[in-house]
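# An overview of the molecular structure
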Amino acid sequence: ENDLVFTSNVTDINLSRGASLSFHCFIKGSSNNIHVNNIHGDVHKDSKFNSSTIINALGQVRAENRISLLGENASTKINMLLLGSKDSLLEGLTKVKHAKKNSTSDQNTRIILNENSKASFQGKIRVNKESDGTLANMSSKSLLLSSKARVNSKPELEILADDVRCSHGVTIGNLSLEQLFYLRSRGIPEKEARKLLVSSFGNIIIDDLNTNFIDRAKNIMLEYFND
């Protein structure tokens, strides 16, 4: 029962001209699980790749997204939701390379940690010399529900072209006492008020999923509250 279980998955994706693909990854595991998940994507001219990863694991998980935009007007959107509790150790890594003109990327990571859990996020945007017209955005926000939870976030920009628009932002915080007080003043019990606030924090990732997967993602969030 206590034997260590190690799982490693690699998904290679190549989108030819004008193709579109949405890829959803749900990762769960007990405290004796170590899981490594790698997604490698080559996105060519006029193609679009969306990747969504949701993690609720009690063990160790490393999830990577490495996407290369190799054609003009190629685009990618990467969403990650990391839910940590007990002694879990979660890692999220994203890297997007803009290799041609007028490509776009949007990265959103949300991290929610409780108890003794720890997480790290490292995201990188690289814009090559010949990639004028690039539009790239990266956002990482973390919510700590315990004084013992820890998170490290490291955003990186490497821009070699001149005519680009790139942005990144990282925030780490706790539940808003003002929002919690407001909900409780409206007759909502503290436990339910906390659930509402935490759910709204993660819903920016869940609500962006394909309709067929939203219910499954919300069930994962419900399991997180019940762990």
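The rules we used
Residues numbered from 1 in each chain as written. Predicted model: local features only at pLDDT ≥ 70, side-chain atom pairs only at ≥ 80, totals over all residues. Heavy atoms only, no water. Helix = DSSP H or I, 4+ residues; strand = E, 2+ residues; numbered from the N terminus. Contact = heavy atoms within 4.5 Å. Pairing = 2+ DSSP bridges. Axes fitted to C-alpha atoms, helices over the stretch in contact; angles between N-to-C directions. Core = buried A, V, L, I, M, F, W, Y, C linked by side-chain atoms within 4.5 Å. Buried < 20%, exposed > 50% of the residue type's maximum accessible area, 1.4 Å probe, protein only. Salt bridge = Lys/Arg side-chain N within 4 Å of Asp/Glu carboxyl O. Parallel < 35°, antiparallel > 145°, perpendicular 65-115°, else oblique. Left-handed = near helix turned anticlockwise from the far one by under 90°. Nonpolar A, V, L, I, M, F, W, Y, C, P; charged D, E, K, R; others polar.

## Things to note about the environment of Ser 199
Secondary-structure assignment places Ser 199 in helix H2 (residues 190-206). As for Ser 199 and Met 80, which are separated by 119 residues in sequence, their C-alpha atoms are 15 Å apart. When neighbours within four sequence positions are excluded, Ser 199 is seen to be in contact with Met 221 and Phe 225.

## Structural notes on the sheet that holds strand S6 (residues 75-84)
Judged by pairing direction, the sheet is parallel, and its 6 strands sit side by side in the order S2-S4-S6-S8-S10-S12 without closing on themselves. The open sheet has two edge strands with one neighbour each: strand S2 (20-29) and strand S12 (165-173). Strand-to-strand twist in this sheet, taken as the mean axis angle between neighbours without regard to direction, amounts to 5 degrees. Strand direction decides the pairing type here: S6 and strand S8 (residues 104-113), joined by 10 bridges, are parallel. Considered in S8, the bridge of Asn 79 is made with Asn 108. Here H2 sits on the sheet and contacts strand S4 (48-57), S6, S8 and strand S10 (135-144); the angle it forms with S8, its principal contact strand, is near 150 degrees. Relative to S2, helix H3 (residues 211-226) is tilted by about 25 degrees, and along the sheet it contacts S2, S4, S6 and S8.

## Some points on the nonpolar core
With 31 residues, the main nonpolar core has Val 43, Phe 49, Ile 55, Ile 67, Leu 90, Ile 111 and Leu 113 as its most contacted residues. The next biggest cluster of nonpolar side chains, apart from the first, holds 22 residues, and it includes Phe 26, Leu 143, Leu 197 and Val 198.

## A few points about the sheet that holds strand S1 (residues 5-15)
One open sheet accounts for 6 strands, arranged S1-S3-S5-S7-S9-S11; its pairing is parallel. One side of each edge strand has no neighbouring strand; the edge strands of this open sheet are S1 and strand S11 (150-159). On average, each strand axis in the sheet is tilted by 5 degrees relative to the strand beside it, whichever way the strands run. Here strand S3 (residues 33-43) runs beside strand S5 (residues 60-69); their pairing, made up of 10 bridges, is parallel. Looking across to S5, one finds that Ile 39 is bridged to Asn 65.

## Looking at the pattern of salt bridges
Taken as a whole and judged by the stated rule, the model has 9 salt bridges. For the salt bridge of Lys 28 with Glu 223, the shortest nitrogen-to-oxygen distance reads 3.2 Å. Of this pair, Lys 28 sits in strand S2 while Glu 223 sits in helix H3, placing them 195 residues apart in sequence. Its relative accessible area of 49% is what places Lys 28 among the partly exposed residues. A salt bridge links Glu 158 to Arg 126, with the nearest nitrogen and oxygen atoms 2.7 Å apart. Of this pair, Glu 158 sits in strand S11 while Arg 126 is found in strand S9 (residues 118-127), placing the two residues 32 residues apart along the sequence. Assessed through its relative accessible area of 23%, Arg 126 is described here as partly exposed.

## Focus: the side chain of Glu 64
Structurally, Glu 64 is set in strand S5. A relative accessible area of 8% means that Glu 64 is categorised as buried. Discounting chain neighbours no more than four positions away, the residues touching Glu 64 are Asn 37, Asn 38, Ile 39 and Leu 93.

## Examining the packing of helix H1 (residues 177-185) against H2
Viewed as axis vectors pointing N to C, H1 and H2 meet at an angle of 130 degrees, and their least axial separation amounts to 9 Å. As the angle between them shows, H1 and H2 are arranged oblique. The two elements H1 and H2 cross, and the hand of that crossing is right-handed. Every residue of H2 that contacts H1 at Gln 179, Leu 180, Leu 183 and Arg 184 is listed here: Glu 190, Ala 193, Arg 194, Leu 196 and Leu 197. In terms of residue class, the contact of H1 with H2 is made up of 5 nonpolar, 1 polar and 3 charged.

## Describing unusual backbone geometry
Of note, Asp 46 is a non-glycine position whose phi angle comes to about 60 degrees, a positive value. Asp 46 sits in the partly exposed class, given a relative accessible area of 36%.

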